[in-house]
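For reference, the chains in residue letters:
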Amino acid sequence: MSPKTIIIFTLCMFVSAVIFAADDRGIRRKKKTAAQSENRVALVIGNGNYESSPLRNPVNDVRAMSETLGKLGFEVTKQENLGFQEMSEAIALFGEKLLQGGVGLFYYAGHGIQYNGKNYLIPIGSGIQHEKQVKYRAVDAGSVLAEMDNARNRMNIVILDACRDNPFARSFRTGGKGLVSMDAPVGSMIAYATAPGKTASDGSGKNGLYTSELIREMQKPDMRLVDVFDNTRRAVRKQTGGKQIPWESRALEGAFYFAGGSSEVIRPRPQEPSLGRLSLETSPSGAAIYIGGKNMGNTPLLFGKLKPGRYEIRAEMDGYRAEEKTVTIGKGEDAKVTLYLDEIVTTTTTRPAPAATTTTLPARAKEWREPVTGMEFVYVKGGCYEMGCGSWTSSCNGDEKPVHTVCLDDFYMGKYEVTQGEWKRVMGNDLSRFKKGDNHPVEEVSWSDAKEFIRKLNAEKRGQYEFRLPSEAEWEYACRSGGKAEKYSGGSNADRVAWHDEEYSGGHHAVGTKAPNGLGIYDMSGNIYEWCEDIYDREAYSKHRRNNPIYADGGSDRVDRGGSWSSDPAGVRCAERSYYSPAYRFHDLGIRLVRTP
């Protein structure tokens, strides 16, 4: 039997209820009082100490909620004013506790916003400066649901008290909105303290009005769940003169009482058979993997929780013959498979002439290795190209236009992002949060940190050659394989060339593990953001000079390009632009260098 999950999004200081649900397929039920209730686990988080738009009530409400839930039989973990990493870790530990079974309840009070149809919780010190950063600077509410689903415990509740005005509304194109509405699945309730999409104030008292009324109702003995919410709605509507009207979406099965009464309880589901794991690699790495005809991404890959059975695997990569293999996974088995792809040899010795809009490239890219750090560089022949978001891409943003002609001199571009090992050889330390090894990109690098790294590296060379950050124009030219009509760095298939759409718990990947672009450069789409030299200006493209442009007028924010492992496909396009202040650091932000010939 599938688990029943209660999703309760509260838009203004709101506490939800636990619903014990069961289906009717001949399962025997028995009555159980609240005092005899099964295991109940709760995580409550209150964020109010924001640098901008601080909130008065979240910590008070979390404390009141924690005390109330404790009286109602929950084992409560209370957290206040958490940053991104702390929130992520708290949610992960909460997921581990849910493995014990029973009922789980997550409550969050603080700033929350919707972006691209999803709800996000704002940590303390998120550093969000514009909309594009929300996806990887805030906590996706769906991550809580994922932990609950993974635990497969019988009942779960999510309460999001995140209805206040968007604290970043001035810098957001879309302004401020309340959380996005969600339809209640069978056996659940979605409750809003006000209408979906609406916002409400932080409140003037010690606790929010909705929270106060709901806590009062939920502690009354023998009060049915629906009556708790009906009574709360009437009280809030009356006290606000109809300005705030709580709203619910219900698809309930069974009855539940917070205090007293009885709840319908079902037997725990039978245990599933032991699942297996599959570690899959190819030689060369970066091949697209298909299992049962479905594209599963590019190698290396790790598949967990595989049901025992036979799996038909096919590996494909441009320039190589496809390889197929049948793998059998047993109960609890950890399997490791490597597929070896043979290169397709052709008799063609010349390439077709490039289109008029592209630059003639040498038949084989020249490469150079820096002798001290080992950094590798690829020679990029200069030329003219159309910079910006044109017909070769999609999902254009306003700051990616107009498309305009740019002409560049020759330069060397880093073959890979600067790695943790290379950074340590020059700076003697490693700034990275994800310390995964010397072949992983260094991150938590500010623009100012990058300039200091370059200063020290150039001092060692004593003028033999010069290293620097790329200009935006150079970066995009190299990303598009020398100005070609490419959406991503190496073509139109993001999965083949970019690490993207991954959870923060994983972090970046080793450099060079996806396919390179046409110049032999890796990871310009995805993995980590890369700083550029230019000052950010939304209208910079209309102000560029034709030859070797570097925008340096006004403002202080600096451009970064390429997206990261947590960006969606639109965020790893070669045309995508982003920006931060020069002192800003984050664990998906690093550098790639240029060497001037």
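Residues numbered from 1 in each chain as written. Predicted model: local features only at pLDDT ≥ 70, side-chain atom pairs only at ≥ 80, totals over all residues. Heavy atoms only, no water.

A. Spotlight on unusual backbone geometry. Cis geometry is found at the peptide bond from lysine 401 to proline 402, where omega equals 5°. Structurally, proline 402 can be placed in the loop between β22 (383–387) and β23 (404–408). In this model, aspartate 222 sits at a positive phi of 60°, which is unusual for a non-glycine residue. With respect to the secondary-structure elements, aspartate 222 resides in the loop between α5 (209–218) and α6 (225–239). Even without being a glycine, aspartate 523 presents a positive backbone phi close to 65°. Tracing the chain through its elements places aspartate 523 in the loop between α10 (494–497) and β26 (529–535). (Helix = DSSP H or I, 4+ residues; strand = E, 2+ residues; numbered from the N terminus.)

B. Looking closely at the packing of aromatic side chains. In total, this model carries 18 aromatic pairs according to the counting rule given. Consider the rings of tryptophan 368 and phenylalanine 467, whose centres lie 6.2 Å apart with planes at 35°: the pair is tilted. In this pair, tryptophan 368 is assigned in strand β20 (residues 367–369) and phenylalanine 467 in strand β25 (residues 466–468), connecting sequence segments 99 residues apart. Phenylalanine 467 carries the same exposure label as tryptophan 368, and that label is buried. Geometrically, the ring pair formed by tyrosine 529 and tyrosine 580 is edge-to-face, given 6.5 Å between the ring centres and 85° between the ring planes. Separated by 51 residues along the polypeptide, tyrosine 529 in strand β26 and tyrosine 580 in strand β28 (residues 577–580) bring together distant segments of the chain. For the residue pair tyrosine 529 and tyrosine 580, the accessibility class agrees, reading buried in each case. Grouped by ring-pair contacts, the aromatic residues Phe84, Tyr529, Trp531, Tyr580, Tyr584 and Phe586 constitute a single cluster. A cation over an aromatic ring shows up here: arginine 558 above the ring of tryptophan 447, its NZ or CZ 4.0 Å from the ring centre. One Lys or Arg, arginine 595, reaches over the ring of tryptophan 368 and ends 4.5 Å from the middle of that ring. (Phe/Tyr/Trp six-rings, centres within 6.5 Å; stacked < 30°, edge-to-face > 60°. Buried < 20%, exposed > 50% of the residue type's maximum accessible area, 1.4 Å probe, protein only. Lys NZ or Arg CZ within 6 Å of the ring centre and 35° of its normal.)

C. Structural detail: the state of the cysteines. Taken as a whole and judged by the stated rule, the model has three disulfides. The disulfide bridge from cysteine 384 ends at cysteine 407, spanning 2.0 Å between sulfur atoms. Measuring handedness by torsion sign, the sulfur bridge of cysteine 384 and cysteine 407 sits at about 105° and is right-handed. Taken together, the positions of cysteine 384 in strand β22 and cysteine 407 in strand β23 put the pair 23 residues apart, joining distant regions of the chain. Of the residues examined, cysteine 384 reaches a relative accessible area of 37% and is grouped as partly exposed. Overall, cysteine 407 belongs to the buried group, its relative accessible area being 11%. Note on cysteine connectivity: cysteine 479 is disulfide-linked to cysteine 574, with sulfurs 2.1 Å apart. (Disulfide = S-S within 2.5 Å.)

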